[in-house]
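Examining the three-dimensional arrangement
One letter stands for each residue in the lines below.
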Amino acid sequence: MGEHQETQSLDQRMERAMRETAPGTALRRALDMIIAGRLGALICVGDQEAVLAAGNDGFPLNISFTANRLFELSKMDGAIVIDRDLTQILRANFHLNPDPSLPTSETGMRHRTAARMSLLTNAMVISVSERRQVVNVFLGGRSFEIKTVAELMTMVNQLLVTLQATRQSLDRNLLRLTTLELDNYVTLADISKIFFYFEVLMVATEELDDLIDQLGTEGRTIAMQREQLVGDMDEEYTLMIRDYAHDSSEENALRVRELFHNVEASSLHSAKKVGTLLGYEGLNEDSIMAPLGLRTLSRISVVREGMADKIVDEYGNLQELMDDIENNPSRLDDIGVQKPGILADSLYRMWGRKE
């Protein structure tokens, strides 16, 4: 458990570092100026007591942090030490002496020093290679390379194409699935294909979110495009798992989503494997699946939040609801559905059997 918490903590620190070095920040402006000036730099941000204890000499400054000051100070040799909140530049031309036995696979002197300082302290350590003009950020021995806006946008555009194509395929298959559900003829193969599309969409979205963080103020338009393409698909994914999993609880649905996320993508092409992950044994691609109806019911305007679960608890599954809804609408009244006639008409319109 402690190791997991440490990993989570480091992940959060990495996310913060990405935001602090993203376009639009003062730190990123300074780094861009250092690259444009064809300079090198070694910058330690935060955990200043440990950082100062790992070096000597340099000039005590204790001046306000600005991008221009950081750029000018990078013209000197040695490291620059800044406080955690990026408000004060504490030292310049500071000579760092991290333990040389600390492991690192880095080759350049600045990058080796940065990697070791990130292991020795909790500082964010930034290394700018003068020769290669590359910026790397080190935390806890891990690192990421700061990419240019042009490089990030190339990756963003590729992901947007993937998201758009996947969303179109997903929408077509979900529309077909609704008809199959109301016809009571859904097979394991039908839902396996859709779960694959959902997972592709979620993985691409995670990658896009990471790029949006790296883009900073340049990523606002991309964030709006992402919202337009992904929308409420995250919730719909969970509802569909609850519809078909052996255990329909929300907790289990989140567990199954994690299983889907962690298996090889090719496994989701196997209906039998998908059936196993949903909690069933011995199913094949032609096995008939009976949905609860949570996903379909949640798309109907008169079904308020939480009402879909009540309807499913009352009827058992979507087909039982369809069998009973026309002959006994008062049953819906009894469980608190407002305007049950509209609910019935909506379902029949989805089915294409009644106006």
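Residues numbered from 1 in each chain as written. Predicted model: local features only at pLDDT ≥ 70, side-chain atom pairs only at ≥ 80, totals over all residues. Heavy atoms only, no water.

The subject of this paragraph is the confidence of the model for the chain. Of all residues in the chain, 92% have pLDDT values of 70 or greater, and the mean over the chain is 87. Ignoring residues within four places in sequence, the model shows residues 1-7, a span with pLDDT below 50, making 0 contacts including any to other chains. (pLDDT = per-residue confidence, 0-100. Contact = heavy atoms within 4.5 Å.)

Strand direction decides the pairing type here: strand β7 (residues 135-139) and strand β8 (residues 142-146), joined by 5 bridges, are antiparallel. Across the sheet, the residue bridging to Phe138 is Ser143, located in β8. In sequence, β7 turns back onto β8 through a hairpin of 2 residues, with Gly140 there showing a positive phi of about 55°. (Pairing = 2+ DSSP bridges. Helix = DSSP H or I, 4+ residues; strand = E, 2+ residues; numbered from the N terminus.)

This part covers helix α13 (residues 307-315). Think of an α-helix as turning once every 3.6 residues; residues three or four places apart then point the same way. For α13, the full list of buried residues reads Met307, Ala308, Ile311, Val312 and Tyr315. End-on, the buried residues of α13 take up no more than an arc of 140°, which puts them together on one face. Just downstream of α13 lies Gly316, where phi reads positive at about 100°. (Buried < 20%, exposed > 50% of the residue type's maximum accessible area, 1.4 Å probe, protein only. Arc of directions from axis to C-beta.)

Right, let's get into the packing of aromatic side chains. Here the structure, examined in full by the defined rule, presents 4 aromatic pairs. Centre to centre, the rings of Phe195 and Tyr237 are 6.4 Å apart; their planes meet at 40°, and the pair counts as tilted. Taken together, the residues Phe195 in helix α7 (residues 188-215) and Tyr237 in helix α9 (residues 233-244) connect sequence positions 42 residues apart. For the pair formed by Phe195 and Tyr237, the shared burial category is buried. Aromatic side chains Phe196 and Tyr197 sit 6.0 Å apart centroid to centroid with 55° between the ring planes, which places their arrangement in the tilted category. (Phe/Tyr/Trp six-rings, centres within 6.5 Å; stacked < 30°, edge-to-face > 60°.)

Counting 41 residues, the largest nonpolar core has Ile191, Phe195, Met240, Ile241, Phe260 and Leu278 as its most contacted members. If you list the elements that add at least two residues to this core, you get α6 (149-183), α7, α8 (220-230), α9, α10 (250-262) and α11 (271-277). The leading source of residues in this core is α7, at 13 residues. Excluding residues that lie within four positions of it along the chain, Ile241 makes contacts with Phe195, Ala253, Val256, Arg257, Phe260 and Leu278. (Core = buried A, V, L, I, M, F, W, Y, C linked by side-chain atoms within 4.5 Å.)

Relative to the helices and strands, Gly219 resides in the loop between α7 and α8. Residues Gly219 and Asp209, spaced 10 residues apart in sequence, show a C-alpha to C-alpha distance of 9.5 Å.

Attention shifts here to empty space enclosed by the protein. Tallied over the full model, the rule gives 2 cavities of 30 Å³ or more. Size it by volume and the largest cavity reaches roughly 60 Å³. Forming the boundary of the largest cavity are Met18, Thr21, Ala22, Arg28, Phe144, Ile146, Lys147, Leu152 and Gln214. When the residues that make up the lining of the largest cavity are grouped by side-chain class, the tally is 5 nonpolar, 2 polar and 2 charged. Here the second largest cavity is characterised by a volume of approximately 40 Å³. Within the residue set of the lining of the second largest cavity, elements represented by two or more residues are α6 and α7. Per-element accounting of the lining of the second largest cavity gives the leading share, 4 residues, to α6. (1 Å grid on protein atoms, 1.4 Å probe; cavity = no way out; pocket = protein on both sides within 12 Å on 5 of 7 lines; lining within 4 Å. Points joined across faces, edges and corners; volume = space filled by probe spheres on them. Nonpolar A, V, L, I, M, F, W, Y, C, P; charged D, E, K, R; others polar.)

In this model, the largest pocket occupies a volume close to 350 Å³. Considering the residues around the largest pocket, the lining is formed by 16 residues, among which Glu235, Leu239, Glu305, Gly306 and Asp309 are closest to the centre. Of all the secondary structure elements, the ones that give two or more residues to the lining of the largest pocket are α9, α10, α12 (294-298) and α13. Of the residues forming the lining of the largest pocket, the biggest block, 5 residues, is contributed by α9. Residue composition of the lining of the largest pocket, by class: 6 nonpolar, 3 polar and 7 charged.

Here the focus is helix α2 (residues 26-36). For α2, the set of buried residues is Leu27, Arg28, Ala30, Leu31 and Ile34. End-on view of α2: buried residues confined to an arc of 160°, all on one side of the axis.

Our next topic: the UniProt feature "domain: DAC" (unreviewed entry) in the chain. Residues given the UniProt feature "domain: DAC" (unreviewed entry) here are residues 11-151. The annotated region residues 11-151 carries 35% helix and 29% strand content, and the separation between its end C-alpha atoms amounts to 23 Å. (UniProt positions renumbered as here; feature names shortened; annotations may be inferred.)

On to the pattern of salt bridges. Scanning the entire structure with this criterion turns up 13 salt bridges. The partner of Asp11 in a salt bridge is Arg142, with the nearest N and O atoms 3.0 Å apart. One end of the pair, Asp11, is in helix α1 (residues 2-20); the other, Arg142, is in strand β8, and 131 residues separate them in sequence. Classification of Asp11 by relative accessible area gives partly exposed; the value is 24%. (Salt bridge = Lys/Arg side-chain N within 4 Å of Asp/Glu carboxyl O.)

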